Amino acid sequence: NWNDLIWDGGRPVYRVNDQILSRWGVDVSEHQLEVDWDSVAEAGATFAFVRIGNRGATKGTLGVDEYFMRNATGAMAAGIPVSAYFFSQSINEFEAREEAAFALDQVHQAEAQGVSFNMIAYDHEVVDINGARANNLSPEQFAANARAFCEAVEEAGYAPMIYGNQQDLLRLTVAERRQYPLWLAEYGIDEPTVDFNFAIWQYTNEGEVLGISVPTDLNVWFETA
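This section reports on the structure supplied with the text. Each chain carries its own residue numbering, running from 1 in the direction its sequence is written. Confidence filtering applies because this is a predicted model: local features only for residues at pLDDT of at least 70, side-chain atom pairs given and counted only at 80 or more, and all residues used for totals across whole chains, interfaces and linings. To obtain the side-chain values, all non-hydrogen atoms of the structure were included, while hydrogens and water were left out.

Considerations on the overall build of the protein chain
Part 1 of the argument: To qualify as a helix, a DSSP run of H or I must reach at least 4 residues; to qualify as a strand, a run of E must reach at least 2; elements of each kind are numbered from the N terminus. Tallying secondary structure elements over the protein chain gives six helices and twelve strands in all.
Part 2 of the argument: Atoms counted for the radius of gyration: C-alpha only. Globule rule: 2.2 Å times residue count to the power 0.38. Computed over the C-alpha atoms, the radius of gyration of the protein chain is 17 Å, within 12% of the 17 Å expected from 2.2 N^0.38 for a compact globule of 225 residues.
Part 3 of the argument: Type-normalised accessible area, obtained with a 1.4 Å probe on protein chains alone, sets the label of each residue: buried when under 20%, exposed when over 50%, and partly exposed for intermediate values. Taken over 225 residues, the protein chain has a buried fraction of 52%.
Part 4 of the argument: Every residue pair with non-hydrogen atoms within 4.5 Å of one another is taken to be in contact. Considering only contacts in the protein chain between residues 6 or more positions apart, those separated by 24 or more positions represent 62%.
Part 5 of the argument: Working definition of accessibility: Shrake-Rupley area with a 1.4 Å probe, residue cover restricted to the visible protein chains. Summed over all atoms, the accessible surface of the protein chain reaches about 10,500 Å², with 45% contributed by carbon and sulfur.

Structure (structure tokens):
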């Protein structure tokens, strides 16, 4: 019920009968450069998603985000619960499972440094790059890749999530949208416009946050009473 969504200091808050049922947080990658996580905590972030890495859009090479370990350990040290995401450009289920294995290897290395992870999200987007190899997947292939990644994450004992905008998430079947928590990206609006359930709303990619020197993504995580 979006009548219960209010904006407080430029941030969305979901409040029912004076009970706040949402949390506010950030997601970052190497594009945000060095993050002062203590300042981000002071700004009120109660969760953070850090990018594990990505698959190259043209050659398909897997790579670790330059700041993954620093962001994961820094957020944890600042008392901010940590989740992670992998930027996929998989073209089939084999590559999606390969990405999951690669992501999990990085997660295990961060765990050895004392980091605990809440969620591991799959992020597959169309990219504006000539020769991008995964831009024209059918809805069926997109869904199969997301399912393969999430199944691999679950088999390893972690909680999966799927990120995307409305167009991306509508390529999933209804069953898949119900099976996995969704992370919706939708900007420039006062309230989400989709007609399916989701857990997190990424409401801007141009947010300003104490401790982050460049624009960043901001999110609200909805909770049930």
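With respect to helix α3 (residues 93-111)
Part 1 of the argument: To estimate the expected span of a helix, subtract one from its residue number and multiply by 1.5 Å. Its 19 residues place the ends of α3 26 Å apart at the C-alpha level, agreeing with the 27 Å of an ideal helix rising 1.5 Å per residue.
Part 2 of the argument: Restricting attention to buried positions, one finds in α3 the residues E95, A96, E99, A100, F102, A103, L104, Q106, V107 and A110.
Part 3 of the argument: Each element contacted by the buried residues of α3 is listed here: β5 (47-55), β6 (62-64), α2 (68-77), β7 (82-88), β8 (117-124) and α4 (139-155).
Part 4 of the argument: By the criterion applied in these results, polar contacts are pairs of N or O atoms within 3.5 Å in which, for protein atoms, one can donate a hydrogen and the other can accept it, and in which residues neighboring in sequence qualify only through two side-chain atoms. Backbone nitrogen of F94 and a side-chain oxygen of the N-cap are separated by 3.2 Å at the start of α3; the cap is N92.

With respect to the sheet that holds strand β3 (residues 19-20)
Part 1 of the argument: On the basis of which strands lie adjacent, the open sheet formed by three strands has the order β1-β2-β3 and antiparallel pairing. Each having just a single partner strand, β1 (5-8) and β3 make up the two edges of the open sheet.
Part 2 of the argument: Whether two strands pair depends on DSSP finding at least two bridges between them. Bridge analysis of β1 against strand β2 (residues 11-16) gives four bridges, and the strand direction is antiparallel. Bridge pairing links W7 to P12 in β2.

Looking at the pairing of strand β4 (residues 22-28)
Part 1 of the argument: The buried fraction of β4 amounts to six of the seven residues, a majority that puts the element mostly inside the structure.
Part 2 of the argument: Relative to strand β12 (residues 212-222), β4 runs antiparallel, the two sharing six bridges. Bridge pairing in β12 links R23 to W221.
Part 3 of the argument: By the bridge criterion, four bridges tie β4 to β5 in an arrangement that is parallel.

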